[in-house]
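Each chain, written out:
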Amino acid sequence: MVRAQRPTDPCVVLVGATGALGVTVLEMIGEHRMRYREIRLVASARSAGREIPVGGRTETVHDLEDFDFEGADLVLFCAGEAVSRRWVPVAMAEGALVVDASGAFSSNPEIPLVVPSVNDCLLAESPAEVVAVPSGMTVPLTVLLHAVEGWRGVRQVVMSTYESASGLGHQGVEELLEGSELTLCDPGSELPADRFRPALAFNVLPAADRLLENGASRQEERLVQETQRVLGMPDADVAVTCVRVPVVSGHGATLFVETDDPVDRPGLMELLASLPGFTVHDEEAPGSAPTPLTAGDPDRFHVGRVRVSPRSSRGFLLWLVFDNLRAGGASTLLWIARIALASRASGERLKSGPR
Ligand SMILES: NC(=O)c1ccc[n+]([C@@H]2O[C@H](COP(=O)([O-])OP(=O)(O)OC[C@H]3O[C@@H](n4cnc5c(N)ncnc54)[C@H](OP(=O)(O)O)[C@@H]3O)[C@@H](O)[C@H]2O)c1
């Protein structure tokens, strides 16, 4: 159903509207009945002219190269780092609030990097022109560590991620599916390996992204730096290995947290259950821990296999799984957009004074 527009509703632009994240953002805008006066969809020349249903209407996709950001109140960037580096300044010059999911600005100290319920006070303190959305893995990690730091203190963190093909968008998924089909028909087939090298089908890749000179992958560096930044703990001892697994969608991770003070399982379970957006799976039966296929609600972070460290009670281990496109991507992006818009509107009201 088409909703009545109010003149105060924002004009929203979505750059990357045809991508894996962009399509999920549109899905959630419709489900949440998010209010907007107008929505403009943008992608590359490849998709220009495509028609996409959103909020009960059909919208046409525009080519970014010819697009005019004039009149936009909120621009959501979901099209990769190179696109954001080039086009975010253009959108800002037209006075739009930008929310960027590409990671292009996550280490820029001038631009707030925000995780809901951990450091969103940054947006309340001063309205931003651009807000950076952290990687999907940073979000549950920082929500959890923020709470543990206040409870027993965090001494060290060791995390291994198991990231799915959709983390690299539509092409990642297509390449995994094509490689899987070819292997099933003929195990000796030469497989496509553009997004994943070597090929991901029936394989596990020990780095989920390109390697840097120091031996870490870009994804690992980003996760550590974002975690330290969001928590305001620049020296936090966080070690991460990001692995790519042949799963279509849904990221997993194992986590070991060493704490300053001893933890007890009932207290830990209570803490985890209180975290916003988290569901704790406490079943003892084998095979009942959450998986990408069976976790349930795609808008929540699912935790299972919670164990106090066997050698010392100063630490615990757990398994985390979530939908990287919804809980880890679109949901956080839209949440940040909502509070950043509200903060900007109240900043403008304050500037213009009482009427
Ligand atoms: N996938 C995830 O789980 C996830 C989660 C959080 C954040 N992100 C971030 O979101 C961004 C998009 O990821 P994705 O997974 O959605 O990738 P994707 O499926 O490959 O989609 C990329 C989108 O960007 C558009 N695009 C690419 N190059 C462009 C250009 N030169 N000009 C205009 N539009 C261009 C594509 O348009 P065409 O269709 O026309 O090519 C498409 O709409 C990345 O920065 C990624 O890091 C992804």
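Keep in mind that this is a model prediction, so the values were computed, not measured.

Draft legend 1. The arrangement of the overall build of the protein in detail. If you tally the helices and strands in the protein, you get eight helices and 13 strands. For the protein, whose C-alpha radius of gyration is 21 Å, the value lies close to the compact-globule estimate of 20 Å for 355 residues. A principal-axis box enclosing the C-alpha atoms of the protein has dimensions of 60 × 60 × 45 Å. Looking at the 355 residues of the protein, the share that counts as buried comes to 49%. For the protein, the distance from the average position of its 32 positive side-chain charges to the average position of its 47 negative side-chain charges is 5 Å.

Draft legend 2. The domain arrangement of the protein, seen in detail. Each domain of the protein was delimited in the assignment, giving domain 1 (11-134 + 329-352) and domain 2 (138-164 + 204-323). Residue-level contacts link 21 residues of domain 1 with 14 residues of domain 2. With both sides pooled, the region where domain 1 packs onto domain 2 buries about 1300 Å², and carbon together with sulfur makes up 54% of that total. The three residues of domain 1 that bury the most area against domain 2 are Val115, Val118 and Pro134, which together make up 35% of that side's buried surface.

Draft legend 3. The site of the ligand, seen in detail. Lining the immediate surroundings of the ligand are 23 residues, of which Thr18, Leu21, Ser44, Arg46 and Ser47 lie closest. Contact between the ligand and Gly16: an oxygen atom at 3.3 Å from a main-chain N or O atom of the residue. One of the side-chain nitrogen or oxygen atoms of Asn324 is found 2.9 Å away from an oxygen atom of the ligand. Across the complex, the protein chains shield 78% of the 890 Å² of accessible surface that the ligand would expose by itself. Contributing elements (two or more residues each) for the shell around the ligand: α1 (20-31) and α5 (169-185).

Draft legend 4. View of helix α4 (residues 138-151). The end-to-end C-alpha distance of α4, which contains 14 residues, comes to 20 Å, matching closely the 20 Å that a straight helix rising 1.5 Å per residue would cover. Counting buried residues along α4, 10 of its 14 residues qualify, which places the element largely inside the surrounding structure. Taken as a whole, α4 has its buried residues at Thr138, Val139, Pro140, Leu141, Thr142, Val143, Leu144, Leu145, Ala147 and Val148.

Draft legend 5. Structural context of the sheet that holds strand β8 (residues 154-163). Taken in spatial order, the six strands line up as β9-β8-β10-β13-β12-β11 in an open sheet, and their pairing is mixed. Either end of the sheet is taken by a strand with one partner, and the two such strands are β9 (238-244) and β11 (278-280). Direction aside, the axes of adjacent strands within the sheet are offset by 20 degrees on average. Where strand β12 (residues 301-308) lies against strand β13 (residues 315-322), five bridges are found, and the strand directions are antiparallel. Pairing of His302 across the sheet is with Val321, part of β13. Contacts from helix α6 (residues 218-231) reach β8 and β9 within the one sheet, and its direction differs from that of β9 by about 140 degrees.

Draft legend 6. Representation of the packing of aromatic side chains. Counting across every chain of the model gives six aromatic pairs. Consider the rings of Phe69 and Phe77, whose centres lie 6.3 Å apart with planes at 25 degrees: the pair is stacked. On the numbers, 5.2 Å between centres and 70 degrees between planes, the contact of Phe301 with Phe322 is edge-to-face. With Phe301 in strand β12 and Phe322 in strand β13, the pair connects residues that are 21 residues apart, well separated along the chain. With a relative accessible area of 6%, Phe301 lands in the buried category. Take Phe322: its relative accessible area is 3%, and that puts it in the buried class. A network of ring pairs unites the aromatic residues Phe67, Phe69, Phe77 and Trp87 as a single cluster.

Draft legend 7. Structural detail: the pairing of strand β1 (residues 11-15). Most of β1 is tucked away, with five of its five residues classed as buried. With α1 bridging β1 and the parallel strand β2 (residues 38-43), this β-α-β connection has right-handed handedness.

Draft legend 8. View of the side chain of Ser343. Among the secondary structure elements, Ser343 is positioned in helix α8 (residues 326-352). On the basis of relative accessibility, which here comes to 9%, the residue Ser343 falls in the buried class. Apart from the residues within four sequence positions on either side, Ser343 is in contact with Leu123, Ala124, Ser126 and Pro127.

What counts and what doesn't
- All residue numbers refer to position in the chain's written sequence, counted from 1.
- Residue-level local features of this predicted model are given only where pLDDT is at least 70; pairs of side-chain atoms are given and counted only at 80 or more, and the full residue set underlies all totals for whole chains, interfaces and linings.
- Side-chain measures here rest on the full set of heavy atoms in the structure, leaving out hydrogens and waters.
- Runs of H or I in DSSP of at least four residues are treated as helices and runs of E of at least two as strands, each being numbered from the N terminus.
- When we talk radius of gyration, it's over C-alpha atoms, and the globule rule is simply 2.2 Å times the number of residues to the 0.38.
- We call a residue buried when its accessible area falls under 20% of the maximum for its residue type, exposed when it is over 50%, and partly exposed in between, using a 1.4 Å probe and counting protein chains only.
- Positive charges come from Lys and Arg alone, negative charges from Asp and Glu alone, with His and the N- and C-terminal ends not counted.
- Note on charges: their place is set at NZ of Lys, CZ of Arg, CG of Asp or CD of Glu.
- Segment limits for the domains were obtained from an automatic or database-derived domain assignment.
- A contact between two residues is defined here by any heavy atoms of the two lying within 4.5 Å.
- The buried area of a pairing is the accessible area, by a 1.4 Å probe, that goes missing from both parts when the two are put together, added over both.
- Throughout, the term near means that a residue has one or more heavy atoms lying within 4 Å of the molecule or strand in question.
- Contacts described as polar in this section are N or O atom pairs within 3.5 Å, which, within protein, must combine one atom able to donate a hydrogen with one able to accept it, while residues neighboring in sequence count only if both atoms come from side chains.
- In these tables, accessible area is a Shrake-Rupley quantity obtained with a 1.4 Å probe, and a residue counts as shielded only by the protein chains included in the view.
- Each helix should span, by expectation, one fewer than its residue count multiplied by 1.5 Å.
- One requirement defines pairing of two strands: DSSP has to find at least two bridges between them.
- For helices, the axis comes from a line fit to the C-alpha atoms of the stretch in contact; other axes are also lines fit to C-alpha atoms, and the angle between any two N-to-C directions lies between 0 and 180 degrees.
- Pairing of aromatic rings covers Phe, Tyr and Trp, the last counted by its six-membered ring, and requires centre-to-centre distances within 6.5 Å; plane angles under 30 degrees mean stacked, over 60 mean edge-to-face, and any other angle means tilted.
- Place the viewer so that the strands point away; then a crossover is right-handed whenever the path from the first strand over the helix to the second strand goes clockwise.

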